[in-house]
Amino acid sequence: MKAVVIQSFGSPDGLAVIDTPAPVPGPGQVTIATEAIGVGGVDAMIRRGTLAGYGIEEGHIPGSEVAGTVTAVGEGVDTSWTGKRVWAFTGRGGGYVEQALASADEILPLPTDLSVTDAVTLGSSGMVAHFALAHAHFAFGETVLVRGAAGSIGVMAVQLAARGGAGAVAVTTSSAERGDRLRALGATHVVDRSGAGADAPIDYDVILDIISGPDMPMFLDKLAPKGRMVAAGAVAGFPPPDFGAAMLNSFLKSLSFATFSADTVAPADRRAVQLDQWAAAGRGDLQAVVHESLPLEKAALAHRKMDEGEVFGRIVLTP
Ligand SMILES: NC(=O)c1ccc[n+]([C@@H]2O[C@H](COP(=O)([O-])OP(=O)(O)OC[C@H]3O[C@@H](n4cnc5c(N)ncnc54)[C@H](OP(=O)(O)O)[C@@H]3O)[C@@H](O)[C@H]2O)c1
């Protein structure tokens, strides 16, 4: 089968298409003939080598979610899965392939009215956005800022905050055109990447931060009293060393800071939210924001587009 591997960390040129034996499912596993593969910001971080040293080495196959048809099941797996259309989480890699391996605990049947492309677009992003907002104790009427709103998680967070009755949904983005597209998804205020903008709210009850990095203390300052910042991504890397001091300097505002990873959510809870969101998409209440579909062989082009900041929502690869 065809697979895309990271031959060398760094630029998208380090991605190569190879031929490799199709996997055989082990106990508790299934194989899936992929029809759509989600390309996420985390794939780009992995390709750059950011997670080298965390068990990801050169030769790694990126991609963490796929949709397609189950072709074989391993020992202990209900054989009725064979031939079913499913969405699957493949972990930190293994997705950019024609035949993906997944744990039977990490697959979900696709509703008949959900396309494979929409499945990997809503897929884990919508679920991460949901639980990150919940982790921030987001409540009806509150003012929310989504930092990094134009990415795959951000476009879902904007829609969920608007649907959840936020008093305002502000977004950081890099252009007016992207801002307009975010307004169409439910954003009420568009600010630049530094948080500045003519109609920027004075402060926020919740900041959902997918970017992190050196600007974090600046955004901490934008929290209202009892405001909560949740870091759910690290597109711009680590905060500066004085982030803790900035937090304590805000002592009188009773601020909270938390990180959030979907790894800490029970699989059954993740699945329940995904099924709920897919049903909402079927009713037209949630939108899967697909930037573009490209053939699997064009994975390097997909990554180039991500690095160049062109992508709005999610790029999908099709074998
Ligand atoms: N918490 C979890 O469980 C979980 C699960 C999966 C992934 N993640 C994390 O989520 C992140 C990726 O999310 P994603 O795919 O939604 O994001 P993304 O597509 O990589 O980036 C989102 C947006 O951020 C803006 N941006 C890019 N670089 C920036 C910078 N230096 N400063 C400010 N804004 C910048 C860009 O929009 P504009 O040009 O419009 O500003 C971009 O479209 C990764 O850090 C990954 O590890 C977390």
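In the annotation of an unreviewed UniProt entry, the protein chain is listed under the name Zinc-binding dehydrogenase and assigned to Nocardia speluncae.

(A) Up close: the environment of serine 8. In this fold, serine 8 is placed in the loop between β1 (2-6) and β2 (15-19). Owing to a relative accessible area of 33%, serine 8 belongs among the partly exposed residues under this scheme. Taking the C-alpha atoms as reference points, serine 8 and glutamate 58, separated by 50 residues in sequence, lie 5.6 Å from one another. With residues near it in sequence (within four places) discarded, serine 8 still touches Gly14 and Glu58.

(B) Layout of the sheet that holds strand β8 (residues 143-147). An order of β10-β9-β8-β11-β12-β13 is seen for the six strands of this open sheet, with the pairing classed as parallel. Lying at the two open borders of the sheet, with one neighbouring strand each, are β10 (189-191) and β13 (256-259). Between one strand axis and the next, the sheet turns by 15 degrees as a mean value, whatever way the strands run. Here five bridges tie strand β11 (residues 204-209) to strand β12 (residues 223-231), and the two strands are oriented parallel to one another. Residue pairing for β12: tyrosine 204 is matched across the bridge by leucine 223.

(C) Quick look at helix α8 (residues 299-307). Within α8 the residues assigned to the buried category are Ala299, Ala300, Ala302, His303, Lys305 and Met306. Count one or two residues on from α8 and you reach glycine 309, which has phi positive near 75 degrees.

(D) Structural detail: the UniProt feature "domain: Enoyl reductase (ER)" (unreviewed entry) in the protein chain. The UniProt entry lists residues 10-317 under the feature "domain: Enoyl reductase (ER)" (unreviewed entry), expressed in the numbering used here. Secondary structure over residues 10-317 splits into 28% helix and 26% strand, and the C-alpha atoms at its two ends are 20 Å apart.

(E) Structural context of the nonpolar core. Counting 53 residues, the largest nonpolar core has Leu110, Val144, Val158, Leu182 and Phe260 as its most contacted members. Elements with a contribution of two residues or more to this core: α2 (116-135), β8, α3 (152-163), β9 (168-172), α4 (176-185), β11 and α7 (267-282). Sort the elements by how many residues they give to this core and α2 lands first, with 10 residues. For this core, the two domains that each supply at least three residues are domain 1 (2-123 + 265-318) and domain 2 (137-259). Once residues within four sequence positions are removed from consideration, leucine 110 is found in contact with Ala67, Arg85, Val86, Trp87, Val116, Ala119 and Trp278. Counting residues in hydrophobic clusters, the runner-up holds 34 residues, among them Val70, Val97, Ala100 and Leu296.

(F) Structural detail: the domain arrangement of the protein chain. If you check the domain split of the protein chain, you get domain 1 (2-123 + 265-318) and domain 2 (137-259). Computed from C-alpha coordinates alone, the two centres of domain 1 and domain 2 are separated by 27 Å. Taking both partners together, domain 1 and domain 2 bury about 1300 Å²; carbon and sulfur atoms supply 56% of that area. Linking domain 1 with domain 2 are zero salt bridges.

(G) Region of interest: the site of the ligand. Around the ligand, the structure places 24 residues, and the nearest of them are Thr173, Ser174, Ala234, Phe260 and Ala262. Glycine 41 places a main-chain nitrogen or oxygen 3.0 Å from an oxygen atom of the ligand. Taking alanine 262, its main chain carries an N or O atom lying 2.7 Å from an oxygen atom of the ligand. Here the ligand has 940 Å² of accessible area as a free molecule, and 79% of this is covered by the chains. Those elements that provide at least two residues to the shell around the ligand are α1 (41-48) and α3. Broken down by element, the residue count for the shell around the ligand peaks at three residues, all from α1. Here the residues of the shell around the ligand are counted per class, giving 14 nonpolar, eight polar and two charged. Taken domain by domain, the shell around the ligand gets at least three of its residues from each of domain 1 (2-123 + 265-318) and domain 2 (137-259).

What counts as what
- Residues numbered from 1 in each chain as written.
- Predicted model: local features only at pLDDT ≥ 70, side-chain atom pairs only at ≥ 80, totals over all residues.
- Heavy atoms only, no water.
- Helix = DSSP H or I, 4+ residues; strand = E, 2+ residues; numbered from the N terminus.
- Buried < 20%, exposed > 50% of the residue type's maximum accessible area, 1.4 Å probe, protein only.
- Contact = heavy atoms within 4.5 Å.
- Pairing = 2+ DSSP bridges.
- Axes fitted to C-alpha atoms, helices over the stretch in contact; angles between N-to-C directions.
- UniProt positions renumbered as here; feature names shortened; annotations may be inferred.
- Core = buried A, V, L, I, M, F, W, Y, C linked by side-chain atoms within 4.5 Å.
- Domains from an automatic or database assignment.
- Buried area = accessible area lost by both parts, 1.4 Å probe.
- Salt bridge = Lys/Arg side-chain N within 4 Å of Asp/Glu carboxyl O.
- Near = heavy atom within 4 Å.
- Polar contact = N/O pair within 3.5 Å; in protein donor to acceptor, adjacent residues only side chain to side chain.
- Areas by Shrake-Rupley, 256 points an atom, 1.4 Å probe, with all protein chains shown as cover.
- Nonpolar A, V, L, I, M, F, W, Y, C, P; charged D, E, K, R; others polar.

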